[in-house]
Each structure stands twice: as structure tokens, then as C-alpha cells.
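Letter by letter, the chains look like this.
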Amino acid sequence: MKKMLFPQIAQVLHGGDYNPDQWLDRPDILEEDVRLMKEAGINTATLGVFAWSAYEPKEGKFHFDWLLSVMDRLYQNGIYTVLATPTGAKPAWLDENYPEALRCDANGMRLRHGNRHNHCLTSPAFRRQAEVIIKRLAEAVKGHPGLILWHISNELGGECFCPLCADQFRNYLRQRFGNDIEKLNKAWWTDFWSHHYTSFEQVEPPYANGERSIIGLNQAWREFTSWNMGQYVKFERQLLRELTPDIPATTNFMQVYPTLDYHELAKDLDMVSWDSYPRYHSDTESMPETAAETAFAHAVIRGTKPGQPFMLMESTPSLVNWHSFNKLRRPGVLRLSSLQAIACGADTVQYFQWRKGRGSFEQFHGAVIDHLGTDDTRTFREVAALGADLKKLAPVLGSVPEAKAAVLYDWSNRWAIEGMAGMAASTKQYVRTVMEQYEALSRLGVETDVVSPEADLSGYDLVVAPMLYQLKPGRAEHLRAYAKNGGVLVFTYLTGYVDENTLCFLGGFPGDGLKELTGLYSEELDTLYPADRNGARFEDGSVFEIRDYCEILKVQDAEVLASYTDDFYAETPVVTRKKAGNGSVWYVGARLEARGMEAVYSRCLDEAGTVRIPMPEGTEAHFRSNGEQRFAFYLNHTEEPVTITPAAEGTDLLTGRRVKDSIVLEKYGVAVVAEDAV
Ligand code: GLA
Ligand code: ZN
């Protein structure tokens, strides 16, 4: 069941952001770019990301000839175009003529012209101008054989507190609460501190200088902002669909971005893509740690559109310019991290950027072509060598990671946890906790997806739901059905406290029926100071450390697997298990150290009969399958050679060599084994 993203190319996409609009007075450089791209094995360029003022220097005056001639030249040389809609930054005339397109900050202050990624999410005037430029652009390029994909705007994000957005928020609330203000009052518990409303008109966004005490309102504002950006994406997507029905569209996501629900946004996109800028070689993390975090981010992004490859839309060929320390990636790391993206399910390796601009904010950001202007650089050679490697990976295209386990991640749950007043702000760490579960499973040798609590879970042996504080309607039922049908389901502390409006469940946490499913309830939640420790003692005598959070559990009908070692709740249950239909439900009531979670997951995986392929420390294995063939990726993130045992025999696509019982992975080495059919 191959689902190749770009069948017309049938190669791993290799390219990146290219800004010829900054070099229109240098035709010699534009010529040279194409020559160098071919030399580097580039087959795609992302054009026009911020080119609005080059397309429309004055309102209503359009220039697309330069774009068409660049697209023509690229195409004639075998290079396809990913074309951005230029709405990531506004021309000066637009802000001058339509100030309502400018965002307002959380104090309601109108921002001034400048910067980028800052249009008002609601403004009709902005949408009218966006519609004009997108229509003109699409008409200009329509039917061009080089055009393969639309790249909607750029790194959408942020929020706007202008009067138009405030009104839009009220409309959103009217819809959500069936135009009944009393429903809103109930859902937000507004009798507290005399917050009762008598009309929707009275509801204000949570301004920085205003009232932030209504937790339901804060939550609704976050959901609204994400929804409103989603409306914007729909608007651009719809326009593009009308104008160029055959061209797919994406937008570039940003890792586990805090304020947009990518699970929702992805629904309007044909494929998902993201921009990956890991902090390699830092003074706080080892290479394998940075690599594991990156693998997690890949899993989050692919989980927004399960069942198909994703795109690595941006990455740096050498360094960035916006980390606190902009260290060069060491030789070999470009190859390693790019192949890691492929291992995790990407079908593309794209860069920011092809050529450094001479001036402005990104003049010192890494690029394939430096100010030096030649191919005689370390970076260029590494890019060209990678281009040659990527050509060998065409058989992998369209396959997807074969995950046996899933960790649930949800934006709205994240907002609810972050927005709740309680626990300890510095240690809530929902995203980190989700990531740690992903990493624990990876260390156990299990390919793991990160998906929404609403995703189809039926294919997974094991599902982990860390800190699932908020249960939207239907979620508890969905999870119960998963377990009853034979799945192994793990909950942790902080499960099922609040509903979709952040109202607490009455009658015991975890609410919405999960008390019965887990066979317990949590009577109290203890927040520890950073230096505090407790422990979990399992029946075999092993003890694992606990920090940050301990729930005091009342077990009604579950097997107790571990109990607390200390404090006034010493000897009371902390880890439990209960059978549920054909499956089982596990509850881990405290923040257990990683080794402790691994011990729990090992038992879960044994129970599920999951095959595990544990790897030596600092190395990683990933498996992609297209239903007919499986590809194993083995990556060495350490600086020493490592010998690994492959899961199966096959042929290394990168070297063409046969692989049998062992593979030596050199420093930063990678093997991609097309496994023999069994
Ligand atoms: C983001 C943006 C790019 C560029 C890079 C720099 O990913 O999308 O336009 O600014 O960062 O790293
Ligand atoms: Zn606005």
C-alpha cells in the first residue's frame, strides 16, 4: 500500500528554501544556483516563501515573470518547485493601507509594521489582499509542469487580541454554547469571584492586563486561537483547491508547537511537513539525547497525519543563527540527522536555505551555498554526498513506520494542564513527560507512534496515555473500547480530572467511567519540591525513584504491582493493573524514573506479546514498511563504532552490501536494510 507523496518524482525530495527574489539583479548568480543545485543532487526548490513584495510591490501591480523564468529554468534542469503562498510576511503598503491587518498584542496594543508571521488571524481586509495575491499567483503558475506542491504561508502561529479577533471569539463562543450564555456560565463556573455574565458581549479575551482567573475562558481562548488559525488555513486551502485542483498543499509545522492543535490543522492538508532545528553538540545534552528528542518530534508530526510519509520541510545544512549558541553541526551529522528523518517516516530532506542572503536577519544562517559562493566547502560536499545517498533510498518512498505502541499526545490537554492553577508550574512538564514515555519505549526496542487520543488505536499492542488530565466527551469510551478489545492501556497520575471546559469530574478521579475501568480512584495529589523523593517498591523487591508527583490511590478492584516506600502514604499502592475485557488497564500513580517506567512497559509488552528489538546505547532502530517490504534503519548517534545485530537479513541500500548477522556502524553511521522477504 504505497502512498508516494510525489509519484511524478519517485525520488526522495532533496531541496530547500530558495530566494531568487533577493537576487534578481544578479542573473549570473541565478544561473550558477542551478548548476550547483544539480551538482548537489537537488531535485526541488521551495520558492516565494516571503516574496509578496516582489510579486506585488505596490497594491494591484503584479510581477510574476521572474518567478516563471526561475521555475522554467529549474524544471528544465530536473528541479521541481514547491511554491509558497507569500502570506508569511506583509508588504509595507498592506499595513499602511489596511492597519487592521496588523496584530494586537495581549495588552490590545496594535503592533507596528515589520517582522513577519504577524497578520491578524481574523481581518477581512488581510484575507481580501491574501486572496488577490494567491489568485494572481496561482493563475500565473497554473499548469506549470514543475509545480508539485503548495506551501501555505510559513510557520503559522501566535495570537491576536484586536477588536476583530475579540468579536470573532464571541461568535465562536456563541456557536460553542448554542447562543446560551447560561450554558457558558455553568461550563466556566462563573459564579466564582462574581464572574457571571449576562451576555456574550461581556466576554473579553484574556488580555495580559485583564482577568485571567476564569480557567475555562483561558482554555476556550487557546482553542479559539487554534481554531481561528485553522479557519485561515482552510481559507487558503480552499482558494488553492479552486485554482489548481491537482496540486496538493501543506504548511510547515514547528515541532510540538505550543499554541496550535496540529491534529486539527492537518485535516485540511494533503501532507504534513515540519522544520527541524535540533541543538546538536550542546553543553547540556549528549548527541543521543538530542537525537532521541528529534525522533520524538518526528513522531509527533507524523502522528498528525497517520498512515503516510511526512516532509522534512526545513533543516539546516550547517548551523542556525537563532539558538543561544549557534554551533556548527559536526561533519557527518547532516547525513545522520537527515537519514534519521527518513527513518522516522519522512520522504523528503529540505533545507533552510539554499543560499545565504547578503543582508538582514538571516545573513549568517547556514545554507548550502555560503557567501564564499562556491562548491568548495565542507557543507556543500556533505550536501552533495547526501544527495547521492538519498537517490539510493527511492525504494523506501511511500512506506510508513511500523509502530507497535502509541503514546497519546493532545494539545488541548496540554493547554488544560498548563492553564490549571495548581501543582508546580516548573514541574508540570506535560510535553517532556510524553516524550519520556516515547523514549522509554524506543529504548525497549519498540517503534512508537505519538497520536491524538482520538486516533484509531486498534493496530497498537500498547497505548500509553500520560497525564491525560482532560477527557473530552467520548475519549474515555474510546480508550475503554481499545482495552476491552485486547489492548494494553497505561494511565498515569493526573488522569481524568476535568472535562472539555475544564470543569472537574465529580465522584472521583479518573472521571468519566475510568474509575471503574482502572478499579481505583485518586484521593489526593501530592506535589513534591524538586529535592523531594519517594520510591515505588515492586513485588520482586525492585525500587524505583519517584519525584514531582504522587497520587494517593484508593484501589477498589485492581491488582497492586507496587507501593510507595516513604512518607505518610508509604505502603499504599502506586502501580496497579486490572483486566478489562480481552486487554488490561495499568495505572502508574506517580512520576516514576525512566527505568521504572521501562520496567512497567516491559511487563506490558510481554503481556501483549510484542516483538522487541533493543539496540545498544546511543543507537536507534526504526522500521518502515509498505506492506510488501520492510526497511530497517540503524543509526549510530555516538562517536565510536558500534556493532549491532540486525532484525533480519537483507541488503543495505546505501552500500549495496548484503547484511547478515551483524553490522558495524561507524561514528554517526547509518545502515538502511531492505529486508529479505520472509
Ligand atoms: C524557520 C523559518 C525560516 C527561517 C528558519 C531559520 O524555520 O520558516 O523562514 O527563518 O526558521 O532557521
Ligand atoms: Zn486580530
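Refer to the structure presented above.
Summarised in this report is the structure supplied together with it. (Residues numbered from 1 in each chain as written. Chains lettered and ligands numbered in written order. Predicted model: local features only at pLDDT ≥ 70, side-chain atom pairs only at ≥ 80, totals over all residues. Heavy atoms only, no water.)

A short note on the overall build of the chain
- What the chain contains, in helices and strands, is 17 helices and 28 strands.
- Computed over its C-alpha atoms, the radius of gyration of the chain comes to 26 Å, within 12% of the 26 Å expected for a compact globule of 678 residues.
- If one aligns the C-alpha atoms of the chain with their principal axes, the spans along those axes are about 75 × 70 × 45 Å.
- When the 678 residues of the chain are sorted by exposure, 60% land in the buried category.
- Of the contacts made within the chain by residues no fewer than 6 positions apart, 72% connect residues no fewer than 24 positions apart.
- With the model as given, the accessible surface of the chain reaches about 26,600 Å², and the carbon-plus-sulfur share is 50%.
- If the 70 positive side-chain charges of the chain are averaged to one point and the 92 negative ones to another, these points end up 3 Å apart. (Helix = DSSP H or I, 4+ residues; strand = E, 2+ residues; numbered from the N terminus. Rg over C-alpha atoms; globule rule 2.2 N^0.38 Å. Buried < 20%, exposed > 50% of the residue type's maximum accessible area, 1.4 Å probe, protein only. Contact = heavy atoms within 4.5 Å. Areas by Shrake-Rupley, 256 points an atom, 1.4 Å probe, with all protein chains shown as cover. Lys, Arg positive; Asp, Glu negative; His and termini not counted. Charge placed at Lys NZ, Arg CZ, Asp CG, Glu CD.)

Comments concerning the sheet that holds strand β23 (residues 630–636)
- Sheet architecture is open: 6 strands sit in the order β10-β22-β23-β28-β25-β26, paired in antiparallel fashion. On the outer flanks of this sheet lie β10 (400–401) and β26 (658–659), each paired with one strand and no other.
- Strand direction decides the pairing type here: strand β25 (residues 650–652) and strand β28 (residues 670–675), joined by 3 bridges, are antiparallel. Residue T651 lies in a different strand from β28, and its bridge partner there is A674. (Pairing = 2+ DSSP bridges.)

Here's the deal with helix α5 (residues 124–141)
- Its 18 residues place the ends of α5 25 Å apart at the C-alpha level, agreeing with the 26 Å of an ideal helix rising 1.5 Å per residue.
- Where α5 is concerned, the buried positions are A125, F126, R127, Q129, A130, I133, I134, L137, A138 and V141.
- Residues of α5 that are buried sit in contact with α2 (52–55), α3 (65–76), β3 (80–84), α4 (92–97), β4 (147–151) and α8 (215–243).
- The backbone nitrogen of A125 lies 3.3 Å from a side-chain oxygen of the residue at the head of α5, namely S123. (Expected span 1.5 Å × (residues − 1). Polar contact = N/O pair within 3.5 Å; in protein donor to acceptor, adjacent residues only side chain to side chain.)

Quick word on the sheet that holds strand β9 (residues 346–351)
- If you walk across this open sheet you meet the 9 strands as β5-β4-β3-β2-β1-β9-β8-β7-β6, and the pairing is parallel. A single partner strand is all that each edge strand has here, and the edge strands are β5 (249–250) and β6 (252–253).
- Note: strand β1 (residues 13–18) against β9, 4 bridges, orientation parallel. Counterpart to G16 in the pairing with β9 is Y351.
- Helix-sheet contacts for α3 involve β1, β2 (44–47), β3 and β4, and the interaxial angle to β2 is about 170°. (Axes fitted to C-alpha atoms, helices over the stretch in contact; angles between N-to-C directions.)

Regarding the pairing of strand β16 (residues 534–538)
- Summarising burial for β16: 4 of the 5 residues are buried, a large majority.
- Examined bridge by bridge, β16 and strand β17 (residues 543–555) share 4 bridges and lie antiparallel to one another. Across the sheet, the residue bridging to N534 is I546, located in β17.
- A loop of 4 residues connects β16 with β17, the two strands running antiparallel in sequence, and G541 in this loop sits at a positive phi of about 95°.
- Where β16 meets strand β18 (residues 559–564), 3 bridges bridge the pair, whose relative direction is antiparallel. Its bridge partner being in β18, F538 is matched across the sheet by A562.

Side note on the packing of helix α10 (residues 287–302) against helix α14 (residues 430–443)
- One can describe the packing of α10 onto α14 by two numbers: an axis separation of 10 Å at closest approach and a directional angle of 100°. It follows that α10 is roughly perpendicular to α14 by the angle criterion. Taken together, the residues of α14 that come into contact with α10 (itself represented by A292, E293, A295, F296 and A299) are V431, R432, V434, M435, Y438 and E439.
- For the contact of α10 with α14, a count of residues per class yields 8 nonpolar, no polar and 3 charged. (Parallel < 35°, antiparallel > 145°, perpendicular 65-115°, else oblique. Nonpolar A, V, L, I, M, F, W, Y, C, P; charged D, E, K, R; others polar.)

Details of the environment of V488
- Its place among the elements puts V488 in strand β14 (residues 488–492).
- Relative accessible area serves as the criterion here: at 2%, V488 is assigned to the buried category.
- On a C-alpha basis, the gap between V488 and A608 in space is 6.8 Å, while along the polypeptide they are 120 residues apart.

What about α3?
- The end-to-end C-alpha distance of α3 is 16 Å, a good match for the 16 Å that 12 residues give at a rise of 1.5 Å each.
- Taken together, the buried positions of α3 are occupied by W66, L67, V70, M71 and L74. Taken down its axis, α3 places every buried residue within 130° of arc, on the same side. Exposed side chains of α3 directed beyond 90 degrees from the buried face belong to D65 and Q76.
- Just beyond α3, the residue with positive phi is G78, at close to 80°. (Arc of directions from axis to C-beta.)

What about the coordination of the zinc ion (ligand 2)?
- Bound to the zinc ion (ligand 2) on the protein side are C120 (SG), C160 (SG), C162 (SG) and C165 (SG), at distances that span 2.3 Å.
- Geometry at the zinc ion (ligand 2) is tetrahedral, judged from its 4 donor atoms and the angles of 102 to 121° they form at the metal.
- Written as a sequence motif, the donor arrangement for the zinc ion (ligand 2) is C-x39-C-x1-C-x2-C.
- We classify C162 as buried; its relative accessible area is 1%.
- Residue C165 is classed as buried on the basis of its relative accessible area of 1%. (Donors = N, O, S within 2.8 Å, 3.2 Å for Na, K, Ca; no water. Tetrahedral: all angles 85-135°; square planar, octahedral: opposite > 155°, others 65-115°.)

Let's talk about the site of ligand 1
- Taken together, F50, R116, N154, E155, N252, D275, Y277, E314, W322, F352, E362 and H365 are the residues near ligand 1.
- A distance of 2.4 Å is found between an oxygen atom of ligand 1 and a side-chain nitrogen or oxygen belonging to E314.
- Protein chains bury 97% of the 300 Å² of accessible surface belonging to ligand 1 in isolation.
- Across the shell around ligand 1, the residue classes tally to 4 nonpolar, 3 polar and 5 charged. (Near = heavy atom within 4 Å.)

Some remarks on the pattern of salt bridges
- By the definition in use, this model includes 45 salt bridges.
- Note that R432 is salt-bridged to E293, the shortest N-O span being 3.7 Å. With R432 in helix α14 and E293 in helix α10, this residue pair connects regions lying 139 residues apart in the sequence.
- A residue is classified by how much of its surface remains accessible, and R432, at 37% relative accessible area, is partly exposed. (Salt bridge = Lys/Arg side-chain N within 4 Å of Asp/Glu carboxyl O.)

Description of the packing of aromatic side chains
- Under the defined criterion, the tally for this structure stands at 33 aromatic pairs.
- When the ring of F161 is compared with that of Y207, the centres are 5.8 Å apart and the planes differ by 40°; the resulting orientation is tilted. Of this pair, F161 sits in the loop between β4 and α6 (163–176) while Y207 sits in the loop between α7 (181–188) and α8, and the two are 46 residues apart along the sequence.
- Residue classification places Y207 among the buried residues on the basis of a relative accessible area of 15%.
- Pairing F177 with W188 gives two aromatic rings, centres 6.0 Å apart and planes at 90°, and the pair type is edge-to-face. Of this pair, F177 sits in the loop between α6 and α7 while W188 sits in helix α7, placing them 11 residues apart in sequence.
- Grouped by ring-pair contacts, the aromatic residues F161, F169, Y172, Y207, W221, F224 and W227 constitute a single cluster.
- Sitting above the plane of the F235 ring, R127 keeps its charged end 5.5 Å from the centroid.
- Above the plane of the ring of W23 lies R355, whose end atom (NZ or CZ) is 5.8 Å from the centre. (Phe/Tyr/Trp six-rings, centres within 6.5 Å; stacked < 30°, edge-to-face > 60°. Lys NZ or Arg CZ within 6 Å of the ring centre and 35° of its normal.)

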